[in-house]
Amino acid sequence: MAKPTNLTNGHTCCEHHSEVPASLEAREAQIAYHFSEIMKVLGLDLNDPSLRDTPKRVAKMYLRELFIGLNPENEPQIRLFPNTLRYHQMVIEKEIRVRSVCEHHFVPIIGVAHVAYIPREWIVGLSKLNRIVDYFSRRPQVQERLTEQIADFLQQNLATPDVAVVIDAKHYCVSMRGIQDEASRTLTYSFRGAFEQKDIQDTFLRMVGL
Ligand SMILES: [Zn+2]
C-alpha cells in the first residue's frame, strides 16, 4: 500500500483506495479529488471559475442525488395497512419516473416504470411504490437488474407474491454514443405470482397502455 499523501484539498489519500471512508464528507472529498484528476487528463483548466468547483459539485451530486440508492439508510420504510376494504384486484401505479445511471457508461437512463400488486391481507401507501422505484434507480444500474430488484422488494415487503414491474426507458449510452440511436427504448418486465397468468398479465398491460 502506498504511503498516504496529503492532498491540496486537505484530505489524506493514497494511490489505491482499498477502503472507502466512512463519512459522507470524506467520500465526497475523495470523489472530488479523483474527478479533478479526470478533468486534468481531459485538458480542462481547473482554475477556470466555471470549472473550479465542478469536482465538488459532481461528488455532491453522486452521493446526495444520483446514487443515494447505494446507501441502505435510504431504503424506503414500508408500512402496510390492513386491507379492510377487501380489495383484491390489482393496484397499479403507472408512469413512475425512472432516473438512473447506466453502470457501463455512467450516462443517464431515463424512463418510466409501471408497477402493480394484488393485495391480500395488507395494502401499502401508494407513494411508497414510487419511492421503491426511485431507491433502486438511484445507483449505477442495468435495467434488467433494476426490474428484478423492484419486483423482489415488492414481493418481500407487500405481503403478496403477486407483483408486476415493467420498465420502459431510454439509455443515453445508446442515443449519445455507440450506435447513436435517438429513438429506441428498452423494455423489461418481471411478472410474479398471479401475473404469470395470461389474462391477468393482459389486463395489467392494457391498463398501463402497452
Ligand atoms: Zn450503457
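Refer to the structure printed above.
If you're wondering where the values come from, they're calculated on a predicted model, not measured in any experiment.

**Student:** Any chance you could explain the overall build of the protein here in plain terms?
**Tutor:** The helix and strand inventory of the protein stands at 6 helices and 9 strands. A globule of 210 residues ought to have a C-alpha radius of gyration of about 17 Å, yet the protein, at 21 Å, is considerably larger. By principal-axis analysis of the C-alpha atoms, the protein measures approximately 65 × 40 × 30 Å. Evaluated residue by residue, the protein yields a buried proportion of 38% over its 210 residues. For the protein, the share of sequence-separated contacts (at least 6 apart) that also reach a separation of at least 24 residues comes to 62%. In the protein, 25 side chains carry a positive charge and 26 a negative one; their mean positions are 4 Å apart.

**Student:** What is the right way to read the coordination of the zinc ion from this model?
**Tutor:** Ideal donor angles around a metal are set by the shape: a four-donor tetrahedron calls for 109.5 degrees, a six-donor octahedron for 90 or 180 degrees. Only Cys 102 (SG), His 105 (ND1) and Cys 173 (SG) from the protein coordinate the zinc ion, and they sit 2.1 to 2.3 Å from it. Positions of the donor residues of the zinc ion along the chain correspond to the pattern C-x2-H-x67-C. Taken together, the residues span a long stretch of sequence, with Cys 102 in strand 4 (residues 91-102) and Cys 173 in helix 5 (residues 172-175) at a distance of 71 residues. Like Cys 173, Cys 102 is buried.

**Student:** Honestly, the pairing of strand 4 in this entry has me stumped. Any pointers?
**Tutor:** Along any regular strand the residues' side chains alternate between the sheet's two faces. Bridge analysis of strand 4 against strand 5 (residues 108-117) gives 9 bridges, and the strand direction is antiparallel. By the bridge assignment for strand 5, Ile 96 is matched with Ala 113. Between strand 4 and strand 5, which follow one another and run antiparallel, lie 5 residues, and Phe 106 among them has a positive phi close to 55°.

**Student:** Please explain helix 3 (residues 127-137) as it appears in this structure.
**Tutor:** Side chains three or four residues apart in an α-helix point the same way, a direct result of the helix having 3.6 residues per turn. Buried within helix 3 we find Leu 129, Ile 132, Val 133, Tyr 135, Phe 136 and Ser 137. Elements in contact with the buried residues of helix 3: strand 4, strand 5, strand 6 (122-124), strand 7 (140-141) and helix 4 (143-157).

**Student:** Help me out: how do you make sense of the sheet that holds strand 8 (residues 163-171) in this one?
**Tutor:** Hydrogen bonds between backbone atoms are what pair the strands of a sheet, whose relative direction is either parallel or antiparallel. Read across the sheet, 5 strands follow the order 7-4-5-8-9 without closing on themselves; strand pairing throughout is mixed. If you trace the sheet from one side to the other, it starts and ends with strand 7 and strand 9 (186-191), each paired once. Pairing of strand 8 with strand 9 involves 6 bridges; the strand directions are antiparallel. Counterpart to Ala 164 in the pairing with strand 9 is Phe 191. With respect to the sheet, helix 4 is in contact with strand 4, strand 5, strand 7, strand 8 and strand 9, its orientation differing from that of strand 8 by roughly 155°.

**Student:** Got a minute to help me understand the pattern of salt bridges in this structure?
**Tutor:** Any two side chains of opposite charge can pair if their charged atoms end up close together. A complete count under the given rule lists 11 salt bridges for this structure. A salt bridge links Asp 152 to Arg 192, with the nearest nitrogen and oxygen atoms 2.9 Å apart. Within this pair, whereas Asp 152 is found in helix 4, its partner Arg 192 is found in the loop between strand 9 and helix 6 (198-207), the two being separated by 40 residues in sequence. Overall, the relative accessible area of 14% leaves Arg 192 in the buried class. For Asp 168, the salt bridge goes to Arg 185, with nearest N and O atoms at 2.7 Å. One end of the pair, Asp 168, is in strand 8; the other, Arg 185, is in the loop between helix 5 and strand 9, with 17 residues separating them in the sequence. Classification of Asp 168 as buried rests on a relative accessible area of 9%. You can call Arg 185 exposed: its relative accessible area is 53%. Through salt bridges with shared partners, a single ionic network connects Glu 25, Glu 28 and Arg 64.

**Student:** When you look at the packing of helix 3 against helix 4 in this model, what are you seeing that I'm missing?
**Tutor:** For any two helices packed against each other, one specifies the inter-axial angle together with the distance between the axes. Viewed as axis vectors pointing N to C, helix 3 and helix 4 meet at an angle of 135°, and their least axial separation amounts to 10 Å. On the basis of their axis angle, the class for helix 3 and helix 4 is oblique. Viewed along their axes, helix 3 and helix 4 form a crossing whose handedness is right-handed. Contacts between helix 3 and helix 4 involve Leu 129, Ile 132, Val 133, Phe 136 and Ser 137 from the former and Leu 146, Gln 149, Ile 150, Phe 153 and Leu 154 from the latter. For the contact of helix 3 with helix 4, a count of residues per class yields 8 nonpolar, 2 polar and no charged.

Thresholds, definitions, all that
- Residues numbered from 1 in each chain as written.
- Predicted model: local features only at pLDDT ≥ 70, side-chain atom pairs only at ≥ 80, totals over all residues.
- Heavy atoms only, no water.
- Helix = DSSP H or I, 4+ residues; strand = E, 2+ residues; numbered from the N terminus.
- Rg over C-alpha atoms; globule rule 2.2 N^0.38 Å.
- Buried < 20%, exposed > 50% of the residue type's maximum accessible area, 1.4 Å probe, protein only.
- Contact = heavy atoms within 4.5 Å.
- Lys, Arg positive; Asp, Glu negative; His and termini not counted.
- Charge placed at Lys NZ, Arg CZ, Asp CG, Glu CD.
- Donors = N, O, S within 2.8 Å, 3.2 Å for Na, K, Ca; no water.
- Pairing = 2+ DSSP bridges.
- Axes fitted to C-alpha atoms, helices over the stretch in contact; angles between N-to-C directions.
- Salt bridge = Lys/Arg side-chain N within 4 Å of Asp/Glu carboxyl O.
- Parallel < 35°, antiparallel > 145°, perpendicular 65-115°, else oblique.
- Left-handed = near helix turned anticlockwise from the far one by under 90°.
- Nonpolar A, V, L, I, M, F, W, Y, C, P; charged D, E, K, R; others polar.

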